[in-house]
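# Fold and geometry: a report
Chain by chain, the residues:
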Amino acid sequence: MMMRALDRKLLRDLRLMWSQALTIALVVASGVAGFITTLSAVDSLALARDRYYAADRFADVFATVKRAPNALAAALGDIPGVADVQTTVEHTVRVEIADVSDPIMGHLIGVDPRRPQRMNRVALRSGRALHPEGAVQTVAHSDGTIDALVSEGFAQARGLAPGATLTALIDGKRRTLRIVGIALSPEYIFAGLGGMPDMRGFGVFWIDRDTLAAAYDMDGAFNHVAIKLAPGASEVAVIAAVERLIARYGGREAYGREDQTSHAMLQNEIKEQHVLGTVLPSIFLAVAAFLLNVVVSRLIATQREQIAALKALGYPNRSIGGYYLKLVFAIVIAGLVLGVALGKWLGTMFIGLYADFFHFPSFEHRIAPWLLLTSIGITFGTAVLGTLNTLYATVRLAPAEAMRPPSPGRYRRTLPERLGITRMPTTLRMILRNMERRPLRTLLSIGGVAAAVAIVIMGNFFRDAIDAVVDSKFNVEMRSDVIVWMAEPTNDSARLAVARLPGAIAVESGRDIAVRFVHGHRSERGAIQGYAARPELRRIVDVDNRAVFPRTDGLVMTDRLADKLGLRVGDEVRVEVLEGRTQTLPVPLAATVRDMMGLNAYMERRALNRLLGEDDVSTQFAAAVERGGEERFLRAAMAVPRIVGAFSKATLWRNMQEISARNIRIMSTILTAFAAVIAVGVVYNNARIALAERSWELASLRVLGFSRAEVSALLLGEMAIGIAIALPLGMWLGNLLVHLIVTLMRNDQFFFPVAILPRTYAWAGLAVFAAGVASALVVRRRIDRLDMVAALKTRE
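Residues numbered from 1 in each chain as written. Predicted model: local features only at pLDDT ≥ 70, side-chain atom pairs only at ≥ 80, totals over all residues. Heavy atoms only, no water.

### Considerations on the overall build of the protein
Counting its secondary structure elements, the protein contains 24 helices and 21 strands. For the protein, the proportion of its 796 residues judged to be buried stands at 55%. Restricting the contact set of the protein to residue pairs at least 6 apart, pairs at least 24 apart contribute 81%. In the form shown here, the protein has an accessible surface area of approximately 34,800 Å², with 58% of it arising from carbon and sulfur atoms. (Helix = DSSP H or I, 4+ residues; strand = E, 2+ residues; numbered from the N terminus. Buried < 20%, exposed > 50% of the residue type's maximum accessible area, 1.4 Å probe, protein only. Contact = heavy atoms within 4.5 Å. Areas by Shrake-Rupley, 256 points an atom, 1.4 Å probe, with all protein chains shown as cover.)

And the structure:
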């Protein structure tokens, strides 16, 4: 009977405070949804990766050689720790699609349809596989057409289906590829050139191995090897042994999964989402704990006589404490259920966004049981911690003391008055005195609103950062319109031929070479990029958009690479050349630069050629093209056999905007909505609590002749001052939060610049201000409907 009576009281109290309970539940739901959305999406991504890697046997070690006999595979298989070896013939070629002027690169992989792949298996998504009967039926069509499978991402981006045809420049000859199937491979879950998400400009094609080998004089040979390790094998030891065997065949380096482009991009995404899924929900749940503490404290303060009566009637402390705990749990459970449902919906949407970048045979969203249990435990734990002190004080309250009204508040001169500022409106003086009377609540309220501002800033920061990266890379650093690269290092006089292509205004030479940097026991794969002495079309730019010139006396290295190698300016680094002649060269570190992308090193081009003992050669040319002339330039460049590929700045920018801009926009919208929930929750609950606490005071002022507007000003003025203080504080906290997120998300491939545009600060302020206005309107309506007779009844 006792419990049934308390349960009825619980339902009655929840009905009376439904709006406050709803706002708190929404804050809890935002935290739970953020936690489940990010971590369930990451867990689904990791699960799809692990299942795909296991099902189609993704290799552990990879190596590229210039040309090695097939017999070398047996020697590689004899290395201790090697479970399996698979060799392929691979080449990157120029691809053309009818009526498409965009430059497209294709990576050709030769597979033997008569022998199933043991690693990096190709999974057919639609169409048919390559015929297993042999090269005669597979590729030797009367018109020379080659059957091919194409990667799913490129096929979707370009609208290709089985039966479509395109042209590839194979060993300087134009060959027609006929798409017979759409396929996937664990080696190319993420397919992009140079780590860029360019689904429209880069595709993977699987064709008959004999056909590809014949085109490049690779009969009985291979140029790429994948290795599967035995359980417990040492990757470092296997890589060292592989490198020794492949050295005589033009192979310089083997590498593990962490340096494989697709796997590295996947791992970086998982790491970044783990950061977001941990930091942001912590803020939401901390605010929810504060709100629960405030609301429960106020409820207990207004129910002192009821608590005393319950104790006098024989209700034990356990039952009374359990009642208030049930009240908290009812609000939390509502938020938890809503948060899980919202997290499921948003997580499914995130999986759809991931599917634009990462392609799996099966990719479905799931909420793992451990994640659901963790969400429940964290949410309830936070709620209990937020209200434990108040509940403890309740059960300790003696019945006789509870029957007495609370002691009157102690007011004193405000801080401005103590500082000598005595001339202020009476209303403002009353507001400031009431805020100072409860300093902890005032500070926590301001902190909650500031947290909302910070989250809006953080959510929109990603948009600002992408804009900053695009502006830096596409406008400040990359002043050229097109970059073309050659099949092999070419005499720099080829620059003149490029300059004569239609539409070319200016041309600048470049020289890139793959190397391994070694300093002590540390080593890193990378490249040295040779630039002009005073580059104009392709520049080195730091995160602050300041131009840095290449040096002739040593390397200019990104600070991340220098840190990983333990280098300081003036130190000497050993450079192992991974192309052409085997060379190991000591090179001083002349300077460092804070670059945004990759682990890069730069040097003046002619100085780099001298270091390598080469003539005046180049591997690529950056060209500025007259407006409207890019298509003519690209068509002419594609007709030059020595040019194996081209890069169009406009095309890459457009391709990135199609996916990246949309995803950033969605993320910013979600975080802004969550932040608005926090702002409404904090502002509205504080205003409602203040109204309940000061209803006697406000009714008295109305009886004394104060207008509704004047009475509202006391309450809403406190809200306005809190928001006014919280806005600059929140902007400062937002800046700190952005720096924290950037630090935690830092990786080798990408460095987000801390770029927060004025529009983001303005949007954050506007979003929180709008939440405050909405809350003020609701509270003002309640003030206008205040029952003065009931409010003026006091306890004696």
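### What to know about the packing of aromatic side chains
Applying the stated criterion across every chain, the model contains eleven aromatic pairs. Each ring, one from Phe 58 and one from Phe 62, has its centre 5.5 Å from the other, and the planes form 45°; the classification is tilted. The exposure classification of Phe 58 matches that of Phe 62, with both residues buried. For the pair Tyr 354 and Phe 358, a centre-to-centre distance of 6.3 Å together with 55° between the ring planes defines the contact as tilted. Under the relative-accessibility criterion, Tyr 354 is labelled buried at 6%. For Phe 358, a relative accessible area of 5% gives the class buried. In this structure an aromatic cluster arises from ring pairing among Tyr 53, Phe 58, Phe 62 and Tyr 255. (Phe/Tyr/Trp six-rings, centres within 6.5 Å; stacked < 30°, edge-to-face > 60°.)

### Considering the side chain of Thr 760
Here Thr 760 lies in helix H23 (residues 758-784). Once residues lying within four places of it in the same chain are set aside, the contact partners of Thr 760 are Ile 457, Asn 460, Arg 463 and Asp 464.

### Quick word on the pattern of salt bridges
Inspection of the entire model under this criterion finds 31 salt bridges. Residues joined in a network through salt bridges with shared partners are Asp 112, Arg 114, Arg 115 and Asp 210. (Salt bridge = Lys/Arg side-chain N within 4 Å of Asp/Glu carboxyl O.)

### Notes on a nonpolar patch on the surface
The grouping of Trp 763, Leu 766, Phe 769, Val 773 and Leu 777 at the surface amounts to a nonpolar patch, some 500 Å² of accessible area in total. Relative to the helices and strands, Leu 766 resides in helix H23. Residue Leu 766 is classed as partly exposed on the basis of its relative accessible area, which comes to 48%. (Patch = residues over 30% accessible without salt bridge, like charges linked within 9 Å, V, L, I, M, F, W, Y side chains within 5 Å.)

### A look at the pairing of strand S7 (residues 173-184)
In terms of strand pairing, strand S4 (residues 123-127) meets S7 through four bridges, oriented antiparallel. In the sheet register, Ser 126 faces S7, and the bridge partner there is Ile 182. Examined bridge by bridge, strand S5 (residues 146-151) and S7 share six bridges and lie parallel to one another. Across the sheet, residue Asp 147 finds its bridge partner in S7, namely Arg 178. (Pairing = 2+ DSSP bridges.)

### Quick notes on the nonpolar core
Residues Phe 358, Phe 360, Met 458, Phe 462, Ile 741 and Phe 752 are the most contacted members of the largest nonpolar core, which totals 132 residues. Non-local contacts of Met 458, meaning those with residues more than four positions away in its chain, are made with Leu 276, Leu 280, Leu 671, Leu 737, Val 738 and Ile 741. With 26 residues, the next largest nonpolar core counts Val 89, Leu 108, Leu 166 and Ala 215 among its residues. (Core = buried A, V, L, I, M, F, W, Y, C linked by side-chain atoms within 4.5 Å.)

### Some details on a positive patch on the surface
A cluster of like positive charges, contributed by Arg 4, Arg 8, Arg 12 and Arg 15, occupies part of the molecular surface. Relative to the assigned elements, Arg 12 resides in helix H1 (residues 2-16). Relative accessible area serves as the criterion here: at 40%, Arg 12 is assigned to the partly exposed category. (Lys, Arg positive; Asp, Glu negative; His and termini not counted. Charge placed at Lys NZ, Arg CZ, Asp CG, Glu CD.)

### Quick notes on the packing of helix H22 (residues 708-744) against H23
Between H22 and H23, the least distance of the axes is 10 Å, while the angle of their chain directions is 160°. Accordingly, the angle class assigned to the pair H22 and H23 is roughly antiparallel. Every pair of crossing elements has a handedness; the one defined by H22 and H23 is right-handed. Packed against H22, whose contacting residues are Arg 708, Ala 709, Val 711, Ser 712, Leu 715, Leu 716, Met 719, Ile 723, Leu 727, Met 731 and Asn 735, the element H23 presents Tyr 761, Gly 765, Val 768, Gly 772, Ala 776, Val 779, Arg 780, Ile 783 and Asp 784 at the interface. By residue class, the composition of the contact of H22 with H23 is 13 nonpolar, four polar and three charged. (Axes fitted to C-alpha atoms, helices over the stretch in contact; angles between N-to-C directions. Parallel < 35°, antiparallel > 145°, perpendicular 65-115°, else oblique. Left-handed = near helix turned anticlockwise from the far one by under 90°. Nonpolar A, V, L, I, M, F, W, Y, C, P; charged D, E, K, R; others polar.)

### Observations regarding the packing of helix H15 (residues 439-477) against H22
Interaxial distance between H15 and H22 falls to 6 Å at its minimum, and their mutual angle equals 45°. On the basis of the axis angle, H15 is oblique to H22. Where H15 crosses over H22, the handedness of that crossing is right-handed. Among the residues making up the contact of H15 with H22, the classes are represented as 19 nonpolar, three polar and no charged.

### Focus: helix H7 (residues 235-246)
Across its twelve residues, H7 extends 16 Å between first and last C-alpha, which sits within 8% of the 16 Å expected from 1.5 Å per residue. Within H7 the residues assigned to the buried category are Val 238, Ile 239, Ala 241, Val 242, Glu 243 and Ile 246. Elements that come into contact with the buried residues of H7 comprise strand S1 (61-69), helix H3 (72-77), strand S2 (82-96), strand S9 (221-229), strand S10 (254-256) and strand S12 (504-519). (Expected span 1.5 Å × (residues − 1).)

### Regarding the environment of Tyr 315
With respect to the secondary-structure elements, Tyr 315 resides in the loop between helix H9 (304-312) and helix H10 (317-354). In this structure Tyr 315 comes out as buried when scored by relative accessible area, which is 13%. Sequence separation of Tyr 315 and Leu 6 is 309 residues, and the distance between their C-alpha atoms is 9.8 Å.

### Structural notes on the confidence of the model for the protein
For the protein, per-residue confidence averages 82 on the pLDDT scale, and 89% of positions sit at 70 or higher. Across the protein, the element-wise mean pLDDT spans from 42 in helix H4 (residues 135-138) up to 93 in S9. In this model residues 133-140 is a low-confidence stretch, pLDDT under 50, and it forms 15 contacts with partners more than four residues away in sequence or in other chains. (pLDDT = per-residue confidence, 0-100.)

### What about the environment of Leu 169?
Among the secondary structure elements, Leu 169 is positioned in strand S6 (residues 165-170). Counting along the chain gives 476 residues from Leu 169 to Gly 645, while the straight-line C-alpha distance between them is 9.7 Å. Excluding residues that lie within four positions of it along the chain, Leu 169 makes contacts with Val 93, Arg 94, Arg 174, Tyr 216, Pro 641 and Ile 643.

### Quick notes on helix H2 (residues 18-55)
Along its 38 residues, H2 runs 52 Å from first to last C-alpha, staying within 8% of the 56 Å computed at 1.5 Å per residue. For H2, a buried count of 31 out of 38 residues is recorded, marking the element as mostly surrounded by other parts of the structure. Once H2 ends, the next one or two residues include Arg 57, with phi positive near 50°.

### A few points about the environment of Leu 371
Relative to the helices and strands, Leu 371 resides in helix H11 (residues 369-396). Along the backbone, Leu 371 and Phe 35 are 336 residues apart, and their C-alpha atoms lie at a distance of 8.9 Å. Look past the residues within four positions of Leu 371 in its chain and what remains in contact with it is Phe 35, Ile 36, Leu 39 and Ser 40.

### Observations regarding the pairing of strand S13 (residues 522-531)
As defined by bridge partners, S12 adjoins S13 across nine bridges and the pair is classed as antiparallel. Its bridge partner being in S13, Ala 514 is matched across the sheet by Ala 527. Between the antiparallel neighbours S12 and S13 lie two residues, among them Gly 520 with a positive phi of about 65°. In terms of strand pairing, S13 meets strand S19 (residues 600-604) through five bridges, oriented parallel. Its bridge partner lying in S19, Ala 527 is registered against Asn 600.

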